[in-house]
Amino acid sequence: MTALDEVKIGGLGASRRRVEDNRFVRGRGNYTDDIKLPGMLHMEILRSPLAHARITSIDTSKAWEIPGVRLVLTGEMMAQRNLAWMPTLSYDTQAVLATDKVRFQGQEVCVVVADDPYIAKDGCEAIVVEYEPLPPVVSPEQAQAPDAPLIRDDKEGQTDNTCYRWEVGDRESTERAFAEADHVSRLKLHYPRSHPSPIECCGSIADFNPATQKLTVYMTTQAPHIIRAAVALVAELPEHMIRIVSPDIGGGFGNKVPVYPGYVASILCSILLGKPVKWIEDKSGNLSSTGFGRDMYLDSEMALRADGKILAVRLRADTDQGAFFADAQPSKFKIGLLHSAFACYDIPTGHITAQGHYTNKAPGGVAYRCSFRVTEAMYFQERMVAAAAAELGIDQAEFRRINLLRDDQFPHRTAFGFLVDSGQYGKCLQLGLDAIGYDEFRKDQEIARSRGRRLGIGISTMTEPLGAGNSREYDILGIKMFDSAELRVHLTGKAILRTGAKTQGQGHETTWAQIVSHELGIPAADVIVEEGDTDTAPFGMGTYASRSTPVAGAAVSMVARKVRAKARKLAAHLLEVSEEDIEWELGRFFVRSAPDRGATIQECAMAAYSNMPDGMEPGLEFNAYYDPPNLTWPFACYIVTVEVDPETGVWDVLRVVAVDDCGVRINPMVVEGQIMGGLTEAYAVSSMQFQTYDADGNIVGSNYMDYLLPTSWETPGFELHEVVTPCPHHPIGAKGVGECAAVGGPAAFVNAVLDALSDTGVRNIDMPLLPDRVWQAIQDGRDVSGAPPIRSDQG
């Protein structure tokens, strides 16, 4: 009897194939739209064609006359039941169905329930809504104008279009640092409105049983327990009579965290009709009405010494929140974790001010594959760093070396209060530079420029705070952001694990079993993972902001250790020695003085049901709730080389090198897949992807002809490298990685293009770097800022 080989049994470090893929590649996944219930009806939503207008009348009579229509619901009907408005996760309110006026194009106005979705669509087309157009507001600048129309006139005491003001840092010390600086670098930046664009749109099936008074909702949610709490508040049903089931999810990326009007409307329709009601969103509805990401403007300054040392940073941010403040983020941080900017740099002081603004756009600001606005923070940070290095005439890699935290500076308290606990930043940077052949590329770049070719190299070094978060600081709607796991080991030694997380492609069914295997020596194939059903899963905050491994994964480790602690007592009983004489190696306990005498974890599991010591409860199962002591801090260095065609503005990616330090890797293959997916999204937003609105508030980007997704043809190849710095407070030393490449990648692509234009006087081109914008910058020798302009008078 010897210790098991962890990789062979599928534990930590094994590139175990994702078990969930067995059903997905066979088309046997079980998504919300796959569920069919007896007597189920179908709901469709009528959306506003205007961005800002008062509703003068709604005539539903023709819709009621269509055979098969069972219900037509308006905002006034919902208001009679106190359901016309619902709370958002940011302590604002949002209209479920519009009553007084519409506030963005695509807003929900009416719903129709019918025998099939086609009849429901016909019913929506038969409704006649009369609107009185109002002036639209489509930017924070317009929202702040003295004569701007008041968008949220429904809110008592609201006198302008500002929805929050927030600041952090030390204003006085920052001002002193700027007064003493040798040079001040200034840069204005815009991170365009983006959309998570999951393959599967949002949807729900509400099933209210009049006999039992129990409501079951099958739905596309990344946070089932939070949705249950919100439904209990809105629908005024007791929480124990609500069951939320989140089946397989076809991608989330933060888009499926909020509560959407379609969910609430389908629930009320089911309650009124006493039948199951299904609502499945179409692509245009998803792109035009559900949670977007980004849309932030930054006015930045950096105080510098002549030798390149950063003395202070000053950031002023304006966010476009759309018609309702509906961010899903920790309660106390109104602009998310933007203040994580510069956490990987040794910066003495800084100050951030931020304002959020209502506009006539869809609400959102979701944590689109990022930990609450960290994507904006890292993009702004790395663009500021590149600009400052260029202004001082210091090589961009050397500028980072001067300012990155050294290994002996951990743990490090940032200028904005975060505690960064570990990292090897210099090693990651050097590994990336060596892999890309930085010095050789610089030589090739000069030769190419002399021949009329424009090559560029861009760097992005970033650290992201993951795993929100510790209950001292982090909550949503007052609920602390811990997470949970329940592990039950059956008498045969097989196990079932349930968590409060919810996978949307992260591979929980594979990697959670690997953590159990690491802690107990049970082969990963013998561990089944279940999530997403509030009737069976322990309470948890769901999956977003890279909380999976840092929080839920830690809970899995802790519950497995509880099981192991009881199994140790059982082993002592079986081996007839005291517990103090028992040692552990993977898969078995043994007697310290007689290593050949041992008991496997499976034998201990059998004993838990058949041969317990006196006074011990039967069974081998526990719950664990994990409240992280700190955020985890993965680090990454992304380096991109490009060639820009000065005649057309087209730029091609030559190479992409990624160096990620995400701590201990549970499944290297899954980690690599996450990094590649994130880099693909980074390339997309930097090169082709944005949502914008014309002067009348019409959305440009509500279909995939306008909102572009990269295919395998456009997506470049990626070269991946790793550094491992274990997290000192996580049970298995993991830090998380799912969002890092999407967060840190965009700046590397943009910095590379601007490096290729370094002799033209162009300091900035805001994303996306469409060829015409790059060409315009080259021709004019000046910056191209803001979202690409759209004029409504151009057709």
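Residues numbered from 1 in each chain as written. Predicted model: local features only at pLDDT ≥ 70, side-chain atom pairs only at ≥ 80, totals over all residues. Heavy atoms only, no water.

### Regarding the overall build of the protein chain
The helix and strand inventory of the protein chain stands at 19 helices and 34 strands. Scaling as 2.2 N^0.38, a compact globule of 795 residues should have a C-alpha radius of gyration of about 28 Å, and the protein chain matches this with 28 Å. For the protein chain, the spread of C-alpha atoms along the principal axes amounts to about 85 × 75 × 50 Å. The long-range fraction of contacts in the protein chain, counting pairs at least 24 apart against all pairs at least 6 apart in sequence, stands at 79%. Counting only carbon and sulfur atoms, one obtains 51% of the accessible surface of the protein chain, whose full area is about 28800 Å². (Helix = DSSP H or I, 4+ residues; strand = E, 2+ residues; numbered from the N terminus. Rg over C-alpha atoms; globule rule 2.2 N^0.38 Å. Contact = heavy atoms within 4.5 Å. Areas by Shrake-Rupley, 256 points an atom, 1.4 Å probe, with all protein chains shown as cover.)

### Looking at the pattern of salt bridges
Taken as a whole, this structure holds 58 salt bridges when the rule is applied. Between Arg 103 and Asp 100 there is a salt bridge whose closest N-O contact spans 2.8 Å. Arg 103 sits in the buried class, given a relative accessible area of 0%. Among the salt bridges present, the one from Glu 585 reaches Arg 588, with a minimum N-O distance of 2.6 Å. Judged by its relative accessible area of 22%, Glu 585 falls in the partly exposed class. (Salt bridge = Lys/Arg side-chain N within 4 Å of Asp/Glu carboxyl O. Buried < 20%, exposed > 50% of the residue type's maximum accessible area, 1.4 Å probe, protein only.)

### Section: the packing of aromatic side chains
Evaluated as defined, the whole model comprises 19 aromatic pairs. Note on Tyr 164 and Phe 325: the rings are 5.3 Å apart at their centroids and 25° apart in plane angle, and the pair reads as stacked. With Tyr 164 in strand β9 (residues 162–169) and Phe 325 in the loop between β16 (310–322) and β17 (349–358), this residue pair connects regions lying 161 residues apart in the sequence. For the pair formed by Tyr 164 and Phe 325, the shared burial category is buried. Where Phe 482 meets Tyr 625, the ring centres are 5.8 Å apart and the plane angle is 75°; that geometry is what we call edge-to-face. With a gap of 143 residues between them, Phe 482 in the loop between β22 (479–480) and β23 (483–489) and Tyr 625 in strand β29 (residues 621–626) connect regions that are remote in the sequence. Judged by relative accessible area, which is 49%, Tyr 625 ranks as partly exposed. Taken together, the ring pairs in this structure connect Trp 85, Phe 104 and Phe 324 into an aromatic cluster. Just above the ring of Phe 292 sits the side chain of Arg 193; from NZ or CZ to the centre is 3.4 Å. (Phe/Tyr/Trp six-rings, centres within 6.5 Å; stacked < 30°, edge-to-face > 60°. Lys NZ or Arg CZ within 6 Å of the ring centre and 35° of its normal.)

### Regarding the nonpolar core
In summary, soluble globular proteins display a tendency toward joint burial of nonpolar side chains. Counting residues in each nonpolar core, the largest one holds 125 residues, and the members touching the most others are Met 302 and Trp 651. With 11 residues, helix α18 (residues 740–756) is the single largest residue contributor to this core. If sequence neighbours within four positions are ignored, Met 302 has contacts with Phe 178, His 183, Val 184, Ser 185, Ile 310, Ala 312, Val 313, Phe 342, Met 384, Val 385, Ala 388 and Phe 399. By size, the runner-up hydrophobic cluster in this structure holds 45 residues, among which are Val 563, Leu 575, Ile 601 and Ala 624. (Core = buried A, V, L, I, M, F, W, Y, C linked by side-chain atoms within 4.5 Å.)

### Digging into the sheet that holds strand β6 (residues 101–102)
Ordered in space as β6-β2-β8, the three strands form an open sheet in which the pairing is antiparallel. Strands at the two margins of the open sheet, each flanked by one partner only, are β6 and β8 (128–133). Inspection of the sheet shows strand β2 (residues 53–59) paired to β8 by six bridges, in the antiparallel sense. Pairing of Ile 55 across the sheet is with Tyr 131, part of β8. (Pairing = 2+ DSSP bridges.)

### Observations regarding the sheet that holds strand β15 (residues 293–304)
Overall, mixed pairing links the five strands, which are arranged β9-β17-β16-β15-β10 in an open sheet. Because the sheet does not close on itself, it has two edges, and the strands there are β9 and β10 (183–194). Across this sheet, the average inter-strand angle for adjacent strands is 10°, counted without regard to direction. With seven bridges joining them, β9 and β17 adopt antiparallel strand pairing. Note that in β17 the partner of Tyr 164 across the bridge is Gly 356. (Axes fitted to C-alpha atoms, helices over the stretch in contact; angles between N-to-C directions.)

### Observations regarding a negative patch on the surface
Taken together, Asp 434, Asp 439, Glu 440 and Asp 444 make up a surface patch of like negative charges. Among the elements that line the negative patch, the one with the most residues is helix α13 (residues 438–450), at three residues. Look at Asp 439 and you get exposed, because its relative accessible area is 52%. (Patch = residues over 30% accessible without salt bridge, like charges linked within 9 Å, V, L, I, M, F, W, Y side chains within 5 Å. Lys, Arg positive; Asp, Glu negative; His and termini not counted. Charge placed at Lys NZ, Arg CZ, Asp CG, Glu CD.)

### Concerning the pairing of β15
Put simply, side chains in a regular strand alternate between the two faces of the sheet. Along β15, 10 of the 12 residues are buried, which leaves the element largely enclosed by surrounding structure. Examined bridge by bridge, β10 and β15 share 11 bridges and lie antiparallel to one another. Paired with Ser 185 across the strands is Met 302, a residue of β15. The pairing of β15 with β16 spans nine bridges and is antiparallel. Across the sheet, Glu 301 pairs through a bridge with Arg 314, a residue of β16. Taking the residues that link successive antiparallel strands as the turn, the β15-β16 hairpin has five residues, and the phi of Gly 308 there is positive, at about 100°.

### Focus: the side chain of Gln 222
Tracing the sequence through the fold places Gln 222 in the loop between β12 (214–219) and α7 (224–235). Side chain to side chain, Gln 222 and Gln 504 meet in a polar contact 3.3 Å long. Those residues in contact with Gln 222 that lie beyond four places of it in its chain are Ile 249, Gly 252, Phe 253, Gly 254, Asn 255, Lys 256, Val 257, Lys 502, Gln 504, Gly 542, Thr 543 and Tyr 544. (Polar contact = N/O pair within 3.5 Å; in protein donor to acceptor, adjacent residues only side chain to side chain.)

### Re a nonpolar patch on the surface
On the surface, a nonpolar cluster with roughly 250 Å² of combined accessible area is contributed by Leu 491, Met 606 and Tyr 609. Inspection of the secondary structure puts Tyr 609 in helix α16 (residues 601–610).

### Things to note about unusual backbone geometry
Cis geometry marks the peptide bond from Phe 410 to Pro 411, where omega comes out at -5°. Note on placement: Pro 411 falls in the loop between α11 (396–403) and β18 (412–413). Looking along the chain, the bond that leaves Met 767 and enters Pro 768 is cis, with omega of -5°. Within the chain, Arg 294 stands out as a residue other than glycine whose phi angle is a positive 70°. Topologically, Arg 294 is positioned in strand β15. Backbone geometry at Glu 576 places phi at a positive 60°, although glycine is not the residue there. Relative to the helices and strands, Glu 576 is located in the loop between α15 (548–575) and β26 (582–585). Looking at Glu 576, the relative accessible area reads 73%, which means it is exposed.

### Concerning the packing of α11 against helix α12 (residues 425–436)
Where α11 contacts α12, the two axes come as close as 11 Å, and the packing angle between them is 165°. Taken together, α11 and α12 sit at an angle that is classed as roughly antiparallel. Here α11 runs over α12; the crossing is left-handed. Listed contacts from α12 to Ala 397, Arg 400 and Arg 401 of α11 are Leu 429, Gln 430 and Leu 433. (Parallel < 35°, antiparallel > 145°, perpendicular 65-115°, else oblique. Left-handed = near helix turned anticlockwise from the far one by under 90°.)

### What about α12?
Over its 12 residues, α12 extends 17 Å from the first C-alpha to the last, a length consistent with the 16 Å expected when each residue adds 1.5 Å. Of the surrounding elements, those touching the buried residues of α12 are α11, β19 (419–420), α13, β20 (454–463), β30 (635–644) and β31 (651–661). Following α12 by one or two positions, Gly 437 has its phi on the positive side, about 70°. (Expected span 1.5 Å × (residues − 1).)

### Details of the environment of Pro 363
Along the chain, Pro 363 falls in the loop between β17 and α10 (374–392). A relative accessible area of 5% means that Pro 363 is categorised as buried. Separated by 293 residues in sequence, Pro 363 and Arg 70 have C-alpha atoms that sit 30 Å apart. Filtering out sequence-adjacent residues up to four positions away, Pro 363 remains in contact with Gln 94, Phe 104, Ser 289, Thr 290, Gly 291, Phe 292, Gln 321, Gly 322, Ala 323, Phe 324 and Ala 326.

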